[in-house]
Amino acid sequence: MIIAGGAARALLSIAVTKIEAGRDVDTLARHFDLLPTFADLAGADISGLTLDGKSLLPLLENADAPWEKRTMFYHTGRWGNPASKHEKHRRNPGADNNKFRTFAVRDEQWRLTVKNGVERDLMLCDIVSDPGETADVSKQHAEAVKQLLKVYGQWWDVCRPLMINEDADIFQ
């Protein structure tokens, strides 16, 4: 079972004058790295912008370029609203009920996926040795699970105040 979906390949690069053909960079990157990368390729100065992404150009030019280890977070929003007109949208209301309900955390080695609550549905995959994500190794690597849950909780606490529409009724 592959959880990565379309996230396995982030970028097909066509920058013939800057990048050697056939270069394969095995680094954790996301969609938010594209703007800084394209700006870098174009020579645009975006230093005045606050962005989460980083230019991938150094890696595209040299796969061994220094690159900080990253942890990526994914969460499914739109938790229930008790005031909704529709019963199915009243389930599991509030941020506190949904913090550890449906999310994933990924770093260079691990992907922790939770589909229906940590207590019921937690899966840890070693994506280095098992890129197809066929084996749950959460019992064998409890310390990795603990660390990924900790950093996810920290991420959530920073991001939750910014999720301004999450409590809105989608059918009002």
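Nothing here was measured: the structure is a model prediction, and the numbers come from that model.

**Quick look at helix H3 (residues 142-159)**
Taking 1.5 Å as the rise per residue, H3 with 18 residues should run 26 Å; its terminal C-alpha atoms sit 26 Å apart, in good agreement. Among all positions in H3, only Ala144, Val145, Leu148, Leu149, Val151, Tyr152, Gly153, Trp156 and Cys159 are buried. In this structure, the buried side of H3 is in contact with strand S1 (72-75), strand S2 (103-106), strand S3 (110-114) and strand S4 (122-126).

**Things to note about unusual backbone geometry**
In this structure, glutamate 133 takes a positive phi of about 55° despite not being glycine. With respect to the secondary-structure elements, glutamate 133 resides in the loop between S4 and H3. When its relative accessible area of 2% is taken as the criterion, glutamate 133 is described as buried.

**Details of the pairing of S2**
Neither face of S2 is open: one carries Phe103 and Val105, the other Ala104 and Arg106, and all of them are buried. Examined bridge by bridge, S1 and S2 share four bridges and lie antiparallel to one another. Its bridge partner being in S2, phenylalanine 73 is matched across the sheet by valine 105.

Rules used throughout
Residues numbered from 1 in each chain as written. Predicted model: local features only at pLDDT ≥ 70, side-chain atom pairs only at ≥ 80, totals over all residues. Heavy atoms only, no water. Helix = DSSP H or I, 4+ residues; strand = E, 2+ residues; numbered from the N terminus. Expected span 1.5 Å × (residues − 1). Buried < 20%, exposed > 50% of the residue type's maximum accessible area, 1.4 Å probe, protein only. Contact = heavy atoms within 4.5 Å. Pairing = 2+ DSSP bridges.

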